[in-house]
Amino acid sequence: MNPRQLLPVWLRAVPGLRWPWLLAVSGVCAVGVWLGRVAGQEDTLALLLLLAPLLPLVWVAVSYGGKADPFAPVVRTTPAGGLRLLLLRTGVVLAISLPLLAATGLAGLSGSLWAAAWLMPCLTLTLATLVLSSYIGCLLGAGAVAVTWLLGVSAITRLSMRADRQVTSWRPVLLKVLMDLLDFGSQFLWALAAGALTLLLTLRRESFDDLRSR
Amino acid sequence: MISARRVTVRHRRTTAVDSLYLELPHGVHGLLGPNGSGKSSLLAVLATATGPAEGELRLLGRDPARPAERREIRRRLGYLPQKCEMFRGFTVRECVAYAAWLKDMPTRTGGPAVERAVERVGLSARIDKKYRSLSGGMQRRVGIAQALVNRPELLLLDEPTNGLDPEQRDQLHLLLKELSATTVVVMATHLLEDVEGCCNSVVVLKDGRKRFAGSLDELRSAGGYARVIADGPDRL
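Residues numbered from 1 in each chain as written. Chains lettered and ligands numbered in written order. Predicted model: local features only at pLDDT ≥ 70, side-chain atom pairs only at ≥ 80, totals over all residues.

Digging into the overall build of chain B
Note the following rule: Segments assigned H or I by DSSP are reported as helices when at least four residues long, segments assigned E as strands when at least two residues long, and all are numbered from the N terminus. As a reference, a globule follows 2.2 Å times the number of residues to the power 0.38, and the radius of gyration itself is taken over C-alpha atoms. Counts of 20 or more other C-beta atoms within 10 Å of a residue's own C-beta define buried residues, counts of 12 or fewer define exposed ones, and intermediate counts define partly exposed ones; C-beta atoms are placed from the backbone. Throughout, a pair of residues is in contact if the C-beta atoms placed from their backbones lie within 7 Å.
Check the secondary structure of chain B and you find nine helices and nine strands. For chain B, whose C-alpha radius of gyration is 17 Å, the value lies close to the compact-globule estimate of 18 Å for 236 residues. Buried positions account for 47% of the 236 residues belonging to chain B. Long-range contacts, defined as pairs at least 24 residues apart, comprise 64% of the intrachain contacts of chain B with a sequence gap of at least 6.

A few points about the pairing of strand S5 (residues 77-80) of chain B
A regular strand carries its side chains on alternate faces of the sheet. Residue and element names in this part refer to chain B. This is how it is decided: When DSSP finds two or more bridges between a pair of strands, those strands are recorded as paired.
Neither face of S5 is left uncovered, since the one carrying Leu-77 and Tyr-79 and the one carrying Gly-78 and Leu-80 both have all their residues buried. Pairing of S5 with strand S6 (residues 154-158), which is carried by four bridges, proceeds in the parallel orientation. Bridge pairing in S6 links Gly-78 to Leu-155.

Notes on the packing of helix H7 (residues 114-136) of chain A against helix H10 (residues 184-203) of chain A
All names here are of chain A. Counted only if it meets this: Axis definition: a line fitted to C-alpha atoms, limited for helices to the stretch in contact. Angles are taken between N-to-C directions and run from 0 to 180 degrees. Here is the rule for angles: anything less than 35 degrees is roughly parallel, anything more than 145 is roughly antiparallel, 65 through 115 is roughly perpendicular, and the remaining ranges are oblique. Helix crossings get a hand from a simple test, with the near helix turned counterclockwise from the far one by less than a right angle marking a left-handed crossing and a clockwise turn marking a right-handed one. In this classification, the charged set is Asp, Glu, Lys and Arg, the nonpolar set is Ala, Val, Leu, Ile, Met, Phe, Trp, Tyr, Cys and Pro, and all remaining amino acids, among them Gly, are polar.
At a minimum axis separation of 9 Å, H7 and H10 run at an interaxial angle of 30 degrees. Relative to H10, the element H7 lies roughly parallel. Relative to H10, H7 is oriented so that their crossing is left-handed. Judged by residue contacts, Ala-117, Met-120, Pro-121, Leu-123, Thr-124, Leu-127, Ala-128, Leu-130 and Val-131 of H7 engage Gln-187, Trp-190, Ala-191, Ala-193, Ala-194, Leu-197, Thr-198, Leu-200 and Leu-201 from H10. Class assignment of the residues belonging to the contact of H7 with H10 gives a composition of 15 nonpolar, three polar and no charged.

What about the interface of chain B and chain A?
Interfaces are often sized by the amount of accessible area the parts lose when they come together. Between chain B and chain A, the residue contacts involve 26 residues of the former and 21 residues of the latter. Elements that contribute at least two residues to the side of chain B that touches chain A include exactly helix H2 (67-75), S5 and helix H3 (92-102) of chain B. In terms of residue count, the dominant contributor to the side of chain B that touches chain A is H3(B) (six residues). Considering only residue class, the side of chain B that touches chain A consists of 15 nonpolar, four polar and seven charged.

Quick word on the sheet that holds strand S8 (residues 201-206) of chain B
Residue and element names in this part refer to chain B. Read from one edge of the open sheet, six strands run S5-S6-S7-S3-S8-S9, paired in mixed fashion. For this open sheet the edge positions go to S5 and strand S9 (209-214), each flanked by a neighbour on one side alone. Ignoring strand direction, the axes of neighbouring strands in this sheet form an average angle of 15 degrees. This element, helix H1 (residues 39-46), spans strand S3 (27-32), S6, strand S7 (184-189) and S8 of the sheet and lies at about 155 degrees to S7.

Quick notes on the nonpolar core
Short version of the rule: Any nonpolar core is a set of buried residues, restricted to Ala, Val, Leu, Ile, Met, Phe, Trp, Tyr and Cys, that join up through C-beta atoms within 7 Å. Domain start and end points were adopted from an automatic or database domain assignment.
Core analysis: the biggest nonpolar cluster contains 128 residues, and Leu119(A), Cys95(B), Val96(B), Tyr98(B), Ala145(B), Leu156(B) and Val186(B) have the highest contact counts within it. In terms of residue count, H7(A) provides more of this core than any other element does, 15 residues in total. No fewer than three residues from each of domain 1 (1-76 + 154-236) and domain 2 (84-151) of chain B sit in this core. Dropping the residues within four chain positions of it, Val186(B) is found in contact with Leu24(B), His29(B), Leu31(B), Leu43(B), Leu46(B) and Leu156(B).

Here's the deal with the sheet that holds strand S2 (residues 14-24) of chain B
Residue and element names in this part refer to chain B. Taken in spatial order, the three strands line up as S2-S1-S4 in an open sheet, and their pairing is antiparallel. Strand pairing shows two members of the sheet lacking a second neighbour, S2 and strand S4 (54-59), which therefore form its edges. Going from strand to strand, the sheet's axes swing by 25 degrees on average, the running direction of each strand aside. Two strands pair when backbone bridges link them, and strand S1 (residues 2-11) and S2 are joined in this way by seven bridges, in the antiparallel orientation. Bridge pairing in S2 links Val-7 to Leu-20. Strands S1, S2 and S4 of the sheet are contacted by H1, whose axis makes an angle of about 120 degrees with S1.

Focus on H3(B)
Residue and element names in this part refer to chain B. Counting buried positions over the 11 residues of H3 gives 11, a clear majority of the element. Listing the buried residues of H3 in full gives Val-92, Arg-93, Glu-94, Cys-95, Val-96, Ala-97, Tyr-98, Ala-99, Ala-100, Trp-101 and Leu-102. Once H3 ends, the next one or two residues include Asp-104, with phi positive near 65 degrees.

Description of the domain arrangement of chain B
Residues and elements named next belong to chain B. Domain boundaries assigned for chain B yield domain 1 (1-76 + 154-236) and domain 2 (84-151). Each of domain 1 and domain 2 has a C-alpha centre, and the two are 24 Å apart. Taken residue by residue, the interface counts 12 residues in domain 1 and 10 residues in domain 2. In terms of residues, the side of domain 1 that touches domain 2 owes the most to one element, helix H6 (residues 166-179), which gives four residues. Of the residues in the side of domain 1 that touches domain 2, the class split is six nonpolar, four polar and two charged.

Okay, structure coming up:
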């Protein structure tokens, strides 16, 4: 038996479209490298970094959009064809891009390991959205994860500003919080969470089959 | 099972379907009309690919404008668009299995359903062949199989006989007749022989407006398709 046949069909379908797949992986890697280079610089847009976990999702949507997917006219009329398919595609693209960037970072080809570091929260948040979607639906799941991320980072920033009363601008504090969330200690926690969420998602995979589920 | 009231479909400033009223029960319904008459636009709306600009639509007793009801409609829907390309590197089995997954079919029942759908379109012998290695007619049959895989209650086919040889057309007609007892089938076509082969009723569109709705005998009594299209008054 071809080992490829052991993978679920949706997973085989993601790289099944060669050009969108290559575009998505190369674009997400480029986003990672760019974020790794600009993050921490004085003039970096803190708000852009706050929204950084969304960038791979947007890029994957662009890569597979338009006429890139020949099956799109049918996909649009199926229950799994919207946000859920986009989240799964993004998860697969990130799962490939992350070790790729880590390996090139270690070899000194992609600047630094920061490039891969930026993608770890993206992967974890994408997996969290999928797990939550299996309970409450994709739209609500995506909304809940986005709000939790934004409120969580804002709350930590606010608390940091209170702790250090000499700070007057929120911008450098937000940058520091984001960089702390990405440092190598945090990476371990993000990776642990991603592993647990992958396990949970595997256990919950049949919930999408249930006609009563979202 | 399909109820449309004053449904209007627009593409930017062009009105593709204009104030359409339609009541379609179980059975096979032919959608006839010249090119640009609004057949594909109407099917796309019935397939929930896009929403109507105006009017009310109910499919299988549900409102497609509501997300939860739309999802239930989509689980019970089979749709073959006019151009239906699938993944060229996939086998026939993978193409249809992917459609089954997209339609939320349980994994445990997906496998047998895929084989049954492929068998119904006469491609069992080629189930493990690559999609790209098939002829145009066979690729069209894979498209029909993906539409059938979830045993749809609403089946929408846009020119399904394109590229099929006469024998395959007859087989498709027989298949649609079999489905007519339990399924609402709407088939857009420009071939009268498709309508004669399997349809219980006919809807004729021209310039986005309904020109005729009734049985094939009634269409003949009204002077035939060409007459209805050329100068027939709207018959609602």
